[in-house]
Amino acid sequence: MTLLNDTLVPVSPRLDFDALAPVFSRAVSRLDDAATEQLDLAGIDSGLRELVRLRASQLNGCAYCVDLHARAARSAGVMAQRVDALAVWRESGLFTAAERAAFALTEDVTRLSETHVPEEVLSEVVDAFGEEAAAALVSLIVTINVWNAIGVTTRAWSVSPRSAG
């Protein structure tokens, strides 16, 4: 496919966050590790984890995290069609009831100031996964929102084009 003007528009970093706030950056990495460990203990599979991370990143507009977690979801075995349909999951028949509950929770936690996470949304996740897994999913959603806040605010991490293969 040829575009009229095929020159990509660079998006410049605003702050080198990792270099300027290394203590905090490492703390967020440890938070991410803790959320991952909690997900392991709860038995939440890696594909769903990446879809949850991807959905929050889509909502928050974090280009780096969208790129990272879309690739990670495919690497975890999620079909490309499901990755592509995630942005319209409510309109798609490609997701299970449990996944849909997790995505609804992801959206409501990500839009916390607007939604205040209705009780029924959390209840659906507890019904689908159990309380321990629901808590692990909340941990994951909170953590990816921290990463997204850093990424969107600072543009510390760039996305580079990959080859088509």
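**A short note on the packing of helix α8 (residues 119–129) against helix α9 (residues 131–154)**
Then, in step 1: For the pair α8 and α9, the least separation of the axes is 7 Å and the interaxial angle reads 125 degrees. Judged by the angle between their axes, α8 and α9 are oblique. The handedness of the crossing between α8 and α9 is right-handed. In this structure, α8 uses Leu122, Val125, Val126 and Phe129 to contact α9, whose residues at the interface are Glu131, Ala133, Ala134 and Leu137.
Then, in step 2: Looking at the contact of α8 with α9, its residues break down into seven nonpolar, no polar and one charged.

**Here we look at the packing of aromatic side chains**
Then, in step 1: Summed over the entire model, instances satisfying the criterion amount to five aromatic pairs.
Then, in step 2: A ring pair is formed by Phe95 and Phe103, whose centres lie 5.3 Å apart and whose planes are at 85 degrees; its orientation type is edge-to-face.
Then, in step 3: A relative accessible area of 0% means that Phe103 is categorised as buried.
Then, in step 4: Taken together, a centroid distance of 5.9 Å and an interplanar angle of 70 degrees make the contact between Trp147 and Trp157 edge-to-face. Residue Trp147 is found in helix α9, and its partner Trp157 is found in the segment after α9; the two are separated by ten residues along the sequence. A single burial state applies to Trp147 and to Trp157, both of which are buried.
Then, in step 5: One aromatic cluster is present, formed by Tyr64, Trp147 and Trp157 through successive ring pairs.

**Considering helix α3 (residues 46–60)**
Then, in step 1: The end-to-end C-alpha distance of α3, which contains 15 residues, comes to 21 Å, matching closely the 21 Å that a straight helix rising 1.5 Å per residue would cover.
Then, in step 2: Counting buried positions along α3 gives eleven out of 15 residues, so the element sits mostly inside the fold.
Then, in step 3: Among the residues of α3, those classed as buried are Gly47, Leu48, Arg49, Glu50, Leu51, Val52, Arg53, Leu54, Arg55, Ala56 and Ser57.
Then, in step 4: Elements that come into contact with the buried residues of α3 comprise α2 (22–42), α4 (63–75), α5 (80–85), α6 (97–110), α8 and α9.
Then, in step 5: Between a side-chain oxygen at the N-terminus of α3 and the backbone nitrogen of Gly47 the separation is 2.9 Å; the capping residue is Asp45.

**Observations concerning the environment of Glu91**
Then, in step 1: Locating Glu91 in the fold gives a position in the loop between α5 and α6.
Then, in step 2: On the accessibility criterion, Glu91 (73% relative accessible area) is exposed.

**Details of the environment of Asn148**
Then, in step 1: By the secondary structure assignment, Asn148 is in helix α9.
Then, in step 2: Distance from Asn148 to Leu105, taken between C-alpha atoms, is 17 Å for residues 43 residues apart in sequence.
Then, in step 3: Dropping the residues within four chain positions of it, Asn148 is found in contact with Ala56, Ser57, Asn60, Cys62 and Cys65.
Then, in step 4: In this structure the side chain of Asn148 is engaged in a polar contact, spanning 2.8 Å, whose partner is the side chain of Asn60.

Definitions and cut-offs
- Residues numbered from 1 in each chain as written.
- Predicted model: local features only at pLDDT ≥ 70, side-chain atom pairs only at ≥ 80, totals over all residues.
- Heavy atoms only, no water.
- Axes fitted to C-alpha atoms, helices over the stretch in contact; angles between N-to-C directions.
- Helix = DSSP H or I, 4+ residues; strand = E, 2+ residues; numbered from the N terminus.
- Parallel < 35°, antiparallel > 145°, perpendicular 65-115°, else oblique.
- Left-handed = near helix turned anticlockwise from the far one by under 90°.
- Contact = heavy atoms within 4.5 Å.
- Nonpolar A, V, L, I, M, F, W, Y, C, P; charged D, E, K, R; others polar.
- Phe/Tyr/Trp six-rings, centres within 6.5 Å; stacked < 30°, edge-to-face > 60°.
- Buried < 20%, exposed > 50% of the residue type's maximum accessible area, 1.4 Å probe, protein only.
- Expected span 1.5 Å × (residues − 1).
- Polar contact = N/O pair within 3.5 Å; in protein donor to acceptor, adjacent residues only side chain to side chain.

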